[in-house]
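Understanding the architecture of this molecule
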Amino acid sequence: MDNMSTNERQGQLIELRDVSRVFESPAGAVTAVDRVSLELPAGAFIGVVGRSGSGKSTLVNLIAGLDRCTRGSIRVGDVAVDQLDEDALARWRGRNVGVVFQFFQLLPTLTVAENVMLPMDLCGTARGAEARRRALELLDLVGIREQADKLPTALSGGQQQRAAIARALANDAPLLVADEPTGNLDQQTSTMVLDLLRSLAKQGRTVLMVTHEHDVERRVDQVIRLVDGRIGSPS
Amino acid sequence: MKPRWAKVAGDLRSERGRLLLMLVAVAVSLAAIGTVLGSWAILTRDIASNYLGTAPAEATLEFEGGVSDEVLTRARADQAVSVADRREVIAGRVRVGDDFRPLLLFVPERFETMRLNTFRPLDGAWPPPAGTVLLERSGLEMANATMSSSLRVKLPNGRPSTVTVSGLVHDPGLAPAWQERTVYAYATPETVAMLGESPTLHELRVQFASHPRTVVEAENEASALAARLGGVHQLRVPPPRQHPHQRQMETILLLLLIFAGLSLVLSSVLVATTLAAILARQVREIGVMKSIGATRAQLAGMYAVMVGSICGVAVLLAAPLSMLGAFGLSRVVSTMLNFDLTSRALPWWVLLVLVVAGVLVPLLFAAIPIRRAVTIPVRAALDTWGVGERIIVRPWFPVAVRNLLRRPGRLALTVGLLATAGALFMTALAVSRAWERNLEKVKETRHYDLEVRFNTPAPDALATTLQQTVEGVRLIEPWGFEPAALARPGAIDVVRTYPDRGHGSFSVLAPPPSTTLISLPLLQGRWLASGERAVVLNHVAFLQARTLKVGDDVALSIDGVPSTWKLAGVVEEVGSAGVAYLPSDVFASSQSTQGRSRLWRVVTAGRDDLERATVIRRLEEALSREAVSVETVTPFAELKTAIGDHVAVLIRALLALAMVLALVGVLGLTSAVGTSVIERSREIAVMKTLGATSAVVRRLVVSEALVSSALSFVVALVLSLPLTLGIERLLGMLSFLAPLPFVVSWVSMGLWFALLVVATLGATLLPIRRAVQLTVREGLS
Ligand SMILES: Nc1ncnc2c1ncn2[C@@H]1O[C@H](COP(=O)(O)OP(=O)(O)O)[C@@H](O)[C@H]1O
Ligand SMILES: [Mg+2]
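Residues numbered from 1 in each chain as written. Chains lettered and ligands numbered in written order. Predicted model: local features only at pLDDT ≥ 70, side-chain atom pairs only at ≥ 80, totals over all residues. Heavy atoms only, no water.

On to the overall build of chain B. Along its length, chain B carries 23 helices and 21 strands. When its C-alpha atoms are laid out on the principal axes, chain B stretches across 100 × 50 × 50 Å. Here chain B holds 781 residues, and the buried ones make up 57% of them. For chain B, long-range pairs separated by at least 24 residues make up 83% of all intrachain contacts whose partners lie at least 6 apart in sequence. Of the side-chain charges in chain B, 77 are positive and 63 negative, and the distance between the mean point of each set is 15 Å. (Helix = DSSP H or I, 4+ residues; strand = E, 2+ residues; numbered from the N terminus. Buried < 20%, exposed > 50% of the residue type's maximum accessible area, 1.4 Å probe, protein only. Contact = heavy atoms within 4.5 Å. Lys, Arg positive; Asp, Glu negative; His and termini not counted. Charge placed at Lys NZ, Arg CZ, Asp CG, Glu CD.)

Below is the structure:
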């Protein structure tokens, strides 16, 4: 996609200081993320790994501004994410973070193209024919342009996930967050999705991916390993 | 279309079942509001052009010897008076078939120049040539007359004479003839003289320069004028600028409006609960939209548009229905008021109210679940953990109750909605039943078939003779009768009587205290005893004499002569004007009319109205051979019709509204049951994997719905009692000056119960089908 390669984005530096996230539940308080401090380079493909329940999702949610930390501070680029109010956070997310979920989470009543156009509409970045043109470009990029005017339920899992990635790219966000994007896909499709994410990182985006993939270290630039909510020693 | 509106459109499509429930509920409520409000607007607009258009006199001053030229000149020159006219009203009778009906003959000084209580020529001559009369159009059928038919009339002189109908008029100042059971006619003084009556004009009718707004102001003006003019025998001051039936009409329309408004509120609650259910299923989608940048305002806007568009459609549906309804209802009511509708156009503000109420009120209620949904933090919305359920159930609760209590807020709303609808439904039914019950009271407290009123006292001996000689007459009981007023020391008598002589009138009735022809319930004190100088007031009279207590002296002005009587008691007399009951013996001696009476109450042997009518005719005939002057003969059947017809149509409208409320309640229930099944499809699927059959699932759903219906029924019962009491009080006071009897209407309760059971079973049918048909896999996904 030319305008993307000519217009390479410099990803942003991510900086966490002493960040904790405690959940209060009837069964007691759970510290999902426990005093984590880290710095992530811009434009890298980063994998977050660890056992189930180790706090991976919580950590990336905090970075993506989908959740709030109970202590500490989070900075993405020049923005103090923990300082933003709910709506400012939504705006910031819309323009600066693309989110990819494990269960794709496409809106079932919108066509694939409309799903991709939705972030442009919500953030006012493109409208009408321009938005559609852009959406089709993105769908082309992820390889499912022919599916543009279908409803998500008509797509296979891999196609849906690619549509979700296209949606995450809609506003050309410098940071892409994906929580087990391949968790629901077969081997072959997983590989395709991972390749796609890597190529996006190559274009200068920071891609933060939670994963269970075993040989992830070989595919990513950097690995964050979580053990009980803390940064563990790289194994 | 912008993607977000595409999403709204998609949601509208995929939730069409529930949205249809919303739509129907809101549209029906709005149509009810529009109908009532529209009628009110049309009628109040036309009151101005009809009743006020007749320039109703603000006071009528009666002079015993007639209004002299000199008095008229002085009245017209009086600073306080803006218009003054002379008129005469003669009460007579007109023969219709074999019967006589009451006739009121209005005699303006000059048709061409009258300025007060005017009426409009519709057809024929103007003014009526000598020897002819004009008829008020609403009395045509009653008089069984058409243009140029001959009417046989009897005026107070008693001699039958014939006049021709030379024209028709419309007099919106009078309640319709068919309702008052009186024929209205108009003639010149010349005709009156030809009919053998004195052409003297006794009434001076005036409007004041100050245009008094209240009856008290009008009374003060009138009393002052009477004092300046001198020689006034009685003042008649009806409530200014108010049609005799206007207050009744307005109250009942207000009541209808309140019911319609409540139905909109209930529909809005339905909108809110249904929307809450839709939003609950969209929590994750909301989370996704937030994660890709949607702000709370954008999301709220989307759902507001969703609700707003439903309401918009409801308004579009309700507007034409309202127009039709308003025109229909106001036409019926207008005939009740003897009005002509000038136009069927709804004023623009009614449509504005529809739009504003129809969109804003539901949105206001919908704002609650919308707010809650869009403020859920993204993580919570996306979490598989879901939004926490507050568990308040105890293991020993029945399963249905445990399930209902999972969402106590929704349970409260559903039960509240259903209970309110039920309470209003039962109230409306009970009130209309109480209304009928009240009319039955008219019958139960009066045990005579006929009332004969004479212009001058007739010998009691004649009553005894006719009782024996006229076949079918069982009893003729002579009573004293005289028009009267509550006397005010040193002031001229004032009564609130309208020109039709009926509304607002006041009279003295003097039955033998032992009479069995009436059995009016005592409200205070006791009934009369022979030989005592005592009075029993009916509640209408008692309310006019506000400050009296039993044992006080009551000053009565009987035919202009003041006298004092001790208040023995107060009775309730439904559907009557003001009456002061005096013992016949004391009354006769005080009037020096011993052995003669102006009123007979007659009991016949007739078993139905037809048989009674035959007897009445025979008695009439016998009377016509005697030297007595009959003023009116009123069969009891007529009285009851006259009282009952007044607002019957509005009571029927109340019943129609009860149906609307029931419908809204049932829609609410349907929506709630649907929601609870959908939300638990996963659970139901789990049950099915564990071997639950459709019957088990069905029992689960039905028992839950029945528990909430039963709960709502109890609440509705409790709510309906004070509501019924209050409304019966209000309606009764406004229509009869006494509360309607409080009836516990088992029928209405039973009806609502039956409706509820049927509706509950009906409401569960569809969701059960869906739940049962879903495969386990679909249910679990
Ligand atoms: N909403 C929540 N309420 C309570 N505890 C939670 C919530 N979300 C996550 N947790 C807890 O926090 C810990 C980390 O969860 P999560 O970040 O989802 O782990 P992972 O993604 O690595 O599987 C787990 O122990 C989990 O039980
Ligand atoms: Mg996780």
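Don't stop here, the text continues.
All names here are of chain B. For the structure shown, the criterion picks out 49 salt bridges over all chains. Notably, a salt bridge pairs arginine 446 with glutamate 573, separated by 3.9 Å at the nearest N-O pair. Linking arginine 446 in the loop between α13 (408–444) and β11 (450–459) with glutamate 573 in the loop between β18 (561–571) and β19 (578–581), this pair joins segments that are 127 residues apart in sequence. Neither residue differs from the other here; arginine 446 and glutamate 573 are each classed as buried. (Salt bridge = Lys/Arg side-chain N within 4 Å of Asp/Glu carboxyl O.)

Let us now look at the nonpolar core. Counting 170 residues, the largest nonpolar core has A:Leu16, B:Leu256, B:Phe259, B:Tyr581 and B:Leu650 as its most contacted members. With 17 residues, the top contributor of residues to this core is helix α2 (residues 16–49) of chain B. Beyond its immediate stretch of four places on either side in the chain, B:Leu256 contacts B:Val36, B:Leu650, B:Ala653, B:Leu654 and B:Leu657. By size, the runner-up hydrophobic cluster in this structure holds 40 residues, among which are A:Val100, A:Ala131, A:Ala201 and A:Met209. (Core = buried A, V, L, I, M, F, W, Y, C linked by side-chain atoms within 4.5 Å.)

The subject of this paragraph is the confidence of the model for chain A. Of the residues in chain A, 93% reach a pLDDT of 70 or more, and the chain-wide mean stands at 86. Per-residue pLDDT stays below 50 along residues 1–9 of chain A; that stretch engages in 15 contacts with residues further than four places along the chain or on separate chains. (pLDDT = per-residue confidence, 0-100.)

Once that is clear, we can look at the interface of chain A and chain B. Counting from both sides, the interface comprises 27 residues of chain A and, opposite them, 24 residues of chain B. Across the chain A to chain B interface the summed buried area is about 2400 Å²; carbon plus sulfur atoms make up 61%. Put simply, chain A and chain B have five salt bridges between them. In this structure, the salt-bridge partner of B:Lys290 is A:Glu86, at a minimum N-O distance of 3.8 Å. Across the contact surface, chain A and chain B share seven residue pairs in polar contact (both at pLDDT 80 or more). Taken together, the elements giving at least two residues each to the side of chain A that touches chain B come down to β1 (14–25), α3 (86–96) and α4 (112–123) of chain A. With seven residues, the top contributor of residues to the side of chain A that touches chain B is α4(A). (Buried area = accessible area lost by both parts, 1.4 Å probe. Polar contact = N/O pair within 3.5 Å; in protein donor to acceptor, adjacent residues only side chain to side chain.)

Residues and elements named next belong to chain A. Reading across from one edge, β2-β1-β4-β5 is the order of the four strands in this open sheet, with antiparallel pairing throughout. Single-partner strands in this sheet number two, and they are β2 (28–40) and β5 (79–80). Docked against the sheet, helix α2 (residues 56–63) engages β1, β2 and β4 (71–76), running at close to 125° with respect to β1. (Pairing = 2+ DSSP bridges. Axes fitted to C-alpha atoms, helices over the stretch in contact; angles between N-to-C directions.)

Right, let's get into unusual backbone geometry. Cis rather than trans, the peptide bond between B:Trp126 and B:Pro127 has omega equal to -5°. Within the fold, B:Pro127 resides in the loop between β4 (120–124) and β5 (132–136). Phi at A:Arg35 takes a positive value of approximately 40°, unusual for a residue other than glycine. Positive phi, normally seen in glycine, also occurs at B:Asn144, with a value near 50°. Here B:Asn144 is to be found in the loop between β5 and β6 (150–154).

Glancing now at the sheet that holds strand β10 (residues 230–231) of chain A. Residues and elements named next belong to chain A. Across the sheet, which stays open at both edges, the six strands sit in the order β6-β7-β8-β3-β9-β10 with mixed pairing between neighbours. Both edges of this open sheet fall to β6 (97–100) and β10, since each of them pairs with a single strand only. Here β6 pairs with strand β7 (residues 175–179) via four bridges, running parallel. Each bridged residue has a counterpart across the sheet, and for valine 100 the counterpart in β7 is alanine 178. Against the sheet, α3 touches β6 and β7, its axis set at about 80° to β6.

Right, let's talk about the site of ligand 1 for a bit. The full set close to ligand 1 counts 14 residues, and A:Gly53, A:Lys56, A:Ser57, A:Thr58 and B:Asp383 are the nearest of them. The side chain of A:Ser57 places a nitrogen or oxygen atom 2.7 Å from an oxygen atom of ligand 1. One nitrogen or oxygen atom from the side chain of A:Thr58 is found 2.4 Å from an oxygen atom belonging to ligand 1. About the coverage of ligand 1: the protein hides 78% of its 560 Å² of free accessible area. Going through the elements one at a time, β2 and α2 of chain A are the ones with two or more residues in the shell around ligand 1. The dominant element in the shell around ligand 1, judged by the number of residues it contributes, is α2(A), at three residues. (Near = heavy atom within 4 Å. Areas by Shrake-Rupley, 256 points an atom, 1.4 Å probe, with all protein chains shown as cover.)

The subject of this paragraph is the confidence of the model for chain B. All names here are of chain B. In the predicted model, chain B carries a mean pLDDT of 86, and 95% of its residues have values of at least 70. Looking over chain B, one finds the lowest element-wise mean pLDDT in helix α23 (residues 776–780), namely 58, and the highest in strand β9 (residues 203–208), namely 94. Here the prediction assigns the complex a pTM of 0.80, and the interface score ipTM is 0.83.

This brings us to the packing of α4(A) against helix α5 (residues 128–142) of chain A. Residues and elements named next belong to chain A. Where α4 meets α5, the closest approach of the two axes is 9 Å, and the angle between their N-to-C directions is 115°. Considering only the axes of α4 and α5, their crossing is right-handed. Here α4 contributes Val112, Ala113, Val116, Met117 and Met120 to the contact with α5, which in turn contributes Ala131, Arg132, Arg134, Ala135, Leu138 and Leu139. Split by residue class, the contact of α4 with α5 holds nine nonpolar, no polar and two charged. (Left-handed = near helix turned anticlockwise from the far one by under 90°. Nonpolar A, V, L, I, M, F, W, Y, C, P; charged D, E, K, R; others polar.)

With that settled, consider the environment of B:Thr464. Residues and elements named next belong to chain B. When you line up the elements, threonine 464 lands in helix α14 (residues 460–469). Of the residues examined, threonine 464 reaches a relative accessible area of 43% and is grouped as partly exposed. Between the C-alpha atom of threonine 464 and that of proline 478, which follows or precedes it by 14 residues, the distance is 9.2 Å.

Relative to the assigned elements, B:Arg612 resides in helix α17 (residues 609–624). When sequence neighbours within four positions are dropped, the list of residues in contact with B:Arg612 reads B:Asp449, B:Thr604, B:Gly606 and B:Arg607.

So, on to the domain arrangement of chain B. All names here are of chain B. Once the domains are mapped, chain B shows domain 1 (1–51 + 244–384), domain 2 (58–236), domain 3 (396–445 + 639–781) and domain 4 (450–605). Every contact between the two is made by 33 residues of domain 1 and, on the other side, 32 residues of domain 3. Roughly 3000 Å² is buried in total at the junction of domain 1 and domain 3, and carbon and sulfur atoms are behind 83% of that figure. Interface area lost by domain 1 to domain 3 is led by Ile252, Phe259 and Leu266, which between them contribute 22%. (Domains from an automatic or database assignment.)

So, on to helix α7 (residues 187–202) of chain A. Residues and elements named next belong to chain A. The terminal C-alpha atoms of α7, which comprises 16 residues, lie 23 Å apart, in line with the 22 Å expected from a rise of 1.5 Å per residue. Of the residues making up α7, those classed as buried are Thr189, Ser190, Val193, Leu194, Leu196, Leu197, Leu200 and Ala201. Angularly, the buried residues of α7 cover 155° about the axis, an arc narrow enough to put them on a single face. Of the residues in α7, the exposed ones pointing more than 90 degrees away from the buried face are Gln187, Gln188 and Lys202. The opening residue of α7, the one whose side-chain oxygen lies 3.2 Å from the backbone nitrogen of glutamine 188, is aspartate 186. (Expected span 1.5 Å × (residues − 1). Arc of directions from axis to C-beta.)

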